[in-house]
Amino acid sequence: MTQFCIFDLDGTLVNSLEDLAAATNHALRQQGFPTHPTDAYRHFVGDGILMLLRRAAPEGTGQEILEQLHRGFDEYYAAHCFDHTRPYPGCAELLEILSQKGVACAVLSNKPDEFVGEIVKRLYPDFSFSSVFGKRPGFEKKPDPAALNEMIRQQGVSKKSCLYIGDSNVDVYTAHNAGIRCCGALWGFRGYEELKQAGADYLAATPMDICRYL
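Quick caveat, the model's predicted, so the values are computed rather than measured.

Definitions and cut-offs
- Residues numbered from 1 in each chain as written.
- Predicted model: local features only at pLDDT ≥ 70, side-chain atom pairs only at ≥ 80, totals over all residues.
- Heavy atoms only, no water.
- Buried < 20%, exposed > 50% of the residue type's maximum accessible area, 1.4 Å probe, protein only.
- Helix = DSSP H or I, 4+ residues; strand = E, 2+ residues; numbered from the N terminus.
- Arc of directions from axis to C-beta.
- Contact = heavy atoms within 4.5 Å.
- Phe/Tyr/Trp six-rings, centres within 6.5 Å; stacked < 30°, edge-to-face > 60°.
- Lys NZ or Arg CZ within 6 Å of the ring centre and 35° of its normal.
- Core = buried A, V, L, I, M, F, W, Y, C linked by side-chain atoms within 4.5 Å.
- Pairing = 2+ DSSP bridges.
- Axes fitted to C-alpha atoms, helices over the stretch in contact; angles between N-to-C directions.
- Parallel < 35°, antiparallel > 145°, perpendicular 65-115°, else oblique.
- Left-handed = near helix turned anticlockwise from the far one by under 90°.
- Nonpolar A, V, L, I, M, F, W, Y, C, P; charged D, E, K, R; others polar.
- Right-handed = clockwise from strand over helix to strand, strands pointing away.

A. Representation of helix 4 (residues 91-100) in the model. For helix 4, the set of buried residues is Cys91, Leu94, Leu95 and Leu98. Taken around the axis of helix 4, the buried residues stretch over an arc of 100°, which confines them to a single face. Tucked into the core, helix 4 has its buried residues touching strand 1 (4-7) and strand 4 (104-112).

B. Spotlight on the packing of aromatic side chains. Tallying each qualifying case throughout the model produces 7 aromatic pairs. Seen in terms of ring centroids, Phe73 and Tyr77 are 5.3 Å apart; in terms of plane orientation they differ by 20°. Their pairing is stacked. Taken together, the residues Phe73 and Tyr77, both in helix 3 (residues 63-80) and 4 residues apart, mark about one turn of the helix. The exposure classification of Phe73 matches that of Tyr77, with both residues buried. Ring-pair connections join several aromatic residues into one group, and the members of that group are Phe73, Tyr77 and Phe115. Over the ring of Phe82 we find Arg122; its NZ or CZ atom is 4.2 Å from the centre of that ring. Positioned above the aromatic ring of Phe133, the side-chain terminus of Arg136 is 3.7 Å from the ring centre.

C. The nonpolar core, seen in detail. One finds Phe7, Leu13, Phe73 and Phe129 to be the most contacted residues of the largest nonpolar core, which totals 50 residues. Element by element, the count of residues in this core is highest for helix 1 (residues 17-30), at 6 residues. In this structure, Ile6, Ala106, Cys162 and Leu195 belong to the second largest nonpolar core, which totals 20 residues.

D. A look at the sheet that holds strand 6 (residues 162-166). If you trace the 6 strands from one edge of the open sheet to the other, you get 5-4-1-6-7-8, paired in parallel fashion. The sheet terminates laterally at strand 5 (131-135) and strand 8 (202-204), the two strands that pair on one side only. Across the sheet, the mean angle separating the axes of adjacent strands is 20° when strand polarity is ignored. With 4 bridges joining them, strand 4 and strand 5 adopt parallel strand pairing. Bridge pairing in strand 5 places Leu108 opposite Phe133. Lying over the sheet, helix 6 (residues 146-155) contacts strand 1, strand 4, strand 5 and strand 6, oriented at roughly 155° with respect to strand 4. Across the sheet, helix 7 (residues 169-178) touches strand 4, strand 6 and strand 7 (181-185), and the angle it forms with strand 7 is around 170°.

E. Broad picture of the packing of helix 1 against helix 3. In the contact formed by helix 1 and helix 3, the axes pass within 8 Å of each other and the chain directions differ by 140°. Considered as vectors, helix 1 and helix 3 are oriented oblique to each other. Along this stretch, helix 1 crosses helix 3, giving a crossing that reads as right-handed. Residues Asp19, Leu20, Ala22, Ala23, Thr24, His26, Ala27, Leu28 and Gln30 of helix 1 touch helix 3, and the partners they reach there are Leu69, Gly72, Phe73, Tyr76, Tyr77 and His80. The residue inventory of the contact of helix 1 with helix 3, partitioned by class, reads 9 nonpolar, 5 polar and 1 charged.

F. Quick look at unusual backbone geometry. Cis peptide bonds are those with omega within 30 degrees of zero, and the linkage from Lys142 to Pro143 qualifies with 15°. If you trace the backbone, Pro143 turns up in the loop between strand 5 and helix 6.

G. Local environment of the pairing of strand 7. Among the 5 residues that make up strand 7, 4 are buried, leaving the element largely enclosed by the rest of the structure. Here strand 6 pairs with strand 7 via 4 bridges, running parallel. Pairing of Tyr164 across the sheet is with Cys182, part of strand 7. Each parallel crossover has a hand, and for strand 6 linked through helix 7 to strand 7 it is right-handed. Looking at chain direction, strand 7 and strand 8 are connected through 3 bridges and run parallel. In the sheet register, Ala185 faces strand 8, and the bridge partner there is Ala204. Handedness of the strand 7-helix 8 (residues 192-198)-strand 8 crossover: right-handed.

As far as function goes, none of this settles anything; it's purely spatial.
Here's what the structure looks like:
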């Protein structure tokens, strides 16, 4: 029986694509670089902000310029991260059902920790997550399993009772690197083919479908 569900954030609990794209395009324009359509960012995000910027910037962009892009992104995103970002339909209802079943829930994201905390607090104000981890000092970003392992250790549950939910191959690899099951969120940024090829244990077309895999 599942006792602990860990959720990815972007593309799983919240649809943040438009705001992530806007912040990155703002930073690119500051440097005189070409921008990208919002839909292109489906395949740029998922591996942290620095990798997002590397993918969006022209090939061969140096570290100094990437750092300037990072500053431009952070400044814009801090002011605009709630312009369009919203919870996915059905996620709040799923969390309530999990709570009623006694299943603890947590969030693990590659987004900087301060952004993750603010987004979760604002968009899921009525739900109490057992832990919320963004990218923080002392832990490598996903798919390294260290942060996920720490969350499981803090929760005090067996890995057999854990289920990770995410929308990308990074999430599948993170779960499997930690030795737990993963459910792919088909409503997110990446879709069926990527999640299937990555080896997701289950696939859910809607948040409520996750209930069948508990």
